[in-house]
Amino acid sequence: MAARMMMSSRTLMSSLGALKLPLLNTIARKTVTPCTQRIIHRTLSSSGLPQQPSLNVENPTAATLLSDEEQMLKDAAAKFAQDKMAPLVKQMDETGVMDMGIIDGLFEHGFMSIEVPEKYGGPGSSFFASNLIVEELSKVDASVAVGLDIQNTLNTTLLLQYGTEEQKQRYLPRFITDTFTSFCLSEPQSGSDAFAMKTNARKDGDHYVINGSKIWISNAAFAKVFLVFVNADLTKGYRGITAFIIDRDTEGFSIGRKEDKLGLRASPTCEINFDNVRVHESQVLGEVGQGYKYCIGVLNEGRIGIASQMIGLAQGCMDHTVPYVMEREQFGQKLWDFQAMQHQIAHIQTQIEVARTMVYNAARLRDAGYQVIKEASMAKYFAGEVATQTTSKCIEWMGGVGFTKDYPIEKYYRDCKIGTIYEGTSNIQLNTIAKCIKDEKARGV
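Computed from a predicted structure; not experimentally measured.

Engineer: An account of the overall build of the chain is requested, with residue identities and associated values reported.
Structural biologist: Each helix and strand counted, the chain has 14 helices and ten strands in total. Buried positions account for 54% of the 445 residues belonging to the chain. Long-range pairs, those at least 24 residues apart, make up 73% of the contacts in the chain with a sequence separation of at least 6. Of the roughly 19,200 Å² of accessible surface on the chain, a fraction of 53% belongs to carbon and sulfur atoms.

See the structure below:
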């Protein structure tokens, strides 16, 4: 681990592959030197990626206006996605297995630790920055992005907000270097009604004994640390829910079957089981009985990450489709030259831009310390609907080839459906939005 932590002292090499944790540390401090800027410019120029004009914006006033540092991070994530992920997307989707070289690359580039403070070895960057990375990776493969999203917007956030200093010192350096994590909430009888969970923890001296099971657990196949919500006192209902940090090698803890899913096939989703799992009380995250509050709070923010995933996915699908439409000829002219096609494409791209603005605004509000319950739900709801509409229309515009696996469009179509389901279904988001509107009216807002 010590060798991996020395990453922050390495000099940037003449390849964007070297834009790892040092770049993110530099971005977080907003002290990009002229030398570093020249290196980044050279490496991005050689990558073939389109260059964006330097905005020289230190504190953006428009939600979608990126600072130079944010633009560099976005470009670094885009290059990683194209160079390391894109060649493996089809294979991973067909086999349903994540390439571990990609996982290693996420850690090497510092993408798994965006908000971890420098005192623990991280870049100390922003929530907004983590969402930029999720969006860029999702343009190529949302299966990869979802794991990064969970680590950054859910588990790291929980540990930073509620962990003891001992827990932070023990786990955050691992989150930075090589440890994937899972967020464990859902159970067979508790989906949208998350607090109806039956998995329980019984106090036994200075330990807790946990029994039960969880389902739909992302990253479970290779995660090393699990943040688990269980009920430590069933007589208190949801007020007994408590969060625990559980290591994979804990006795009695096991990984069950892997789900055979419609989409996000390379992201392993498994059942996990607890058979008299003994954990010391020092593994409680935060306070006993407060887990339901922590869960609600982090999911309110985490929904922005899912929205980022959906706008990235939608844009990636469009990026594959529009060039085809501009080249394909029917009835003696390009499909693009039909005004009806132009109008449909313009409409969908406008929807994506609206969704992106909502997501960026919610993320920046969160970084500024504002409550984002309504904004996060609106962003997730709208981005999920837009991704669904986008991928469906792209298949139509591509015609027969869009319906085949020779092109990636059908994969985007399969992958996007989960966006209207996990971290709160679209109907749950609408419930939340309606409640916020009612509360605002009651306050005279």
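Engineer: Quick one: what's the story with the state of the cysteines, residue by residue and with numbers?
Structural biologist: For the structure on display, the rule yields zero disulfides. Free of any disulfide, C416 has its nearest neighbouring cysteine sulfur in C317, separated by 8.2 Å.

Engineer: Explain the packing of helix α12 (residues 373-398) against helix α14 (residues 426-442) to me, using residue names and the numbers behind them.
Structural biologist: With their axes 9 Å apart at the nearest point, α12 and α14 run at an angle of 145 degrees to one another. Considering only the axes of α12 and α14, their crossing is left-handed. Along the contact surface, α12 presents I373, K374, S377, M378, K380, Y381 and E385, while α14 presents S426, Q429, L430, T432, I433, C436 and E440. Along the lines of polarity and charge, the residues of the contact of α12 with α14 split into six nonpolar, four polar and four charged.

Engineer: Tell me about unusual backbone geometry, and name the residues and values.
Structural biologist: Even without being a glycine, W216 presents a positive backbone phi close to 60 degrees. Within the secondary structure, W216 is located in strand β3 (residues 207-218).

Engineer: Tell me about the packing of aromatic side chains, and name the residues and values.
Structural biologist: Counted by the stated rule, this structure contains 13 aromatic pairs. Where F80 meets F111, the ring centres are 5.7 Å apart and the plane angle is 85 degrees; that geometry is what we call edge-to-face. With F80 in helix α4 (residues 68-85) and F111 in the loop between α6 (100-108) and α7 (127-140), this pair connects stretches of sequence that are 31 residues apart. In this pair, the class of F80 matches that of F111, namely buried. When the centroid spacing of 5.8 Å and the interplanar angle of 75 degrees are considered together, the rings of Y324 and Y407 count as edge-to-face. Remark: Y407 occurs in the loop between α12 and α13 (409-416) and Y324 occurs in helix α10 (residues 291-327); sequence separation between them is 83 residues. In this structure Y407 comes out as partly exposed when scored by relative accessible area, which is 32%.

Engineer: Describe the environment of W216, with residues and values.
Structural biologist: Separated by 25 residues in the primary sequence, W216 and G191 place their C-alpha atoms 9.6 Å from one another. Here W216 is in contact with S186, E259, T269 and C270, once residues within four sequence places are set aside.

Engineer: Account for the nonpolar core, naming residues and giving values.
Structural biologist: Within the largest apolar cluster, 70 residues are counted, with the highest numbers of intra-cluster contacts made by F183 and F229. No other element matches α10, which puts 17 residues into this core. Residue contacts for F229: discarding those within four places in its chain leaves L158, F183, C184, L185, M197, K214, I241, T242, A243, G291 and C295. If you look at the next biggest cluster of nonpolar residues, it comprises 27 residues, including M85, V134, V144 and A266.

Engineer: Give me the lowdown on α14, citing residues and values where you can.
Structural biologist: Between its first and last C-alpha atoms α14 spans 24 Å; for 17 residues at 1.5 Å apiece the expected length is 24 Å, and the two agree. When α14 is considered as a whole, its buried residues turn out to be S426, Q429, T432, I433, C436 and E440. Axial view of α14: buried residues confined to an arc of 120 degrees, hence all on one face. With respect to the buried face of α14, the exposed residues turned more than 90 degrees away are N427, N431, K435, K438, K441 and A442.

Engineer: Please provide a residue-by-residue account of the pattern of salt bridges, values included.
Structural biologist: Applying the stated criterion to the full structure yields 29 salt bridges. Its salt-bridge partner being D93, residue R414 comes within 2.7 Å of it at the nearest N-O pair. Here R414 is found in helix α13, whereas its partner D93 is found in helix α5 (residues 89-95), with 321 residues between them in sequence. Per residue, the accessibility class of R414 equals that of D93, and both read buried.

The rules behind each value
- Residue indices follow the written sequence of each chain, beginning from 1 at its first position.
- For a predicted model such as this one, the threshold for reporting local features is a pLDDT of at least 70, and the threshold for listing and counting side-chain atom pairs is 80 or more; totals across whole chains, interfaces and linings nevertheless cover every residue.
- Only hydrogens and water are set aside when side-chain values are computed; all heavy atoms of the structure are taken into account.
- Numbering of helices and strands runs from the N terminus; a helix is a DSSP stretch of H or I covering at least four residues, while a strand is a stretch of E covering at least two.
- For every residue, the accessible area (1.4 Å probe, protein chains only) is compared with the maximum for its type, and the residue is labelled buried under 20%, exposed over 50%, or partly exposed between those bounds.
- Here, residues are in contact when the closest pair of their heavy atoms is within 4.5 Å.
- In this description, accessible areas are obtained by the Shrake-Rupley approach with a 1.4 Å probe, and a residue is regarded as covered only by the protein chains that are shown.
- Any cysteine sulfur atom paired with another within 2.5 Å is treated as part of a disulfide.
- Axis definition: a line fit to C-alpha positions, over the contact stretch in the case of helices; interaxial angles, taken between N-to-C directions, run 0 to 180 degrees.
- Rotating anticlockwise by less than a right angle from the far helix to the near helix defines a left-handed crossing, while the corresponding clockwise rotation defines a right-handed one.
- Each residue gets one label: Ala, Val, Leu, Ile, Met, Phe, Trp, Tyr, Cys and Pro are nonpolar, Asp, Glu, Lys and Arg are charged, and the others, such as Gly, are polar.
- Planes of paired rings set the category: under 30 degrees apart is stacked, over 60 is edge-to-face and the rest tilted, where pairs are Phe, Tyr or Trp rings (Trp by its six-membered ring) whose centres lie within 6.5 Å.
- We define the nonpolar core as a collection of buried residues of types Ala, Val, Leu, Ile, Met, Phe, Trp, Tyr and Cys that are connected through side-chain atoms lying within 4.5 Å of one another.
- Here the expected length of a helix is defined as 1.5 Å per residue gap, with one fewer gap than residues.
- The directions from the helix axis to the C-beta atoms are what the arc is built from.
- Here a salt bridge means any side-chain nitrogen of Lys or Arg lying within 4 Å of a carboxyl oxygen belonging to Asp or Glu.

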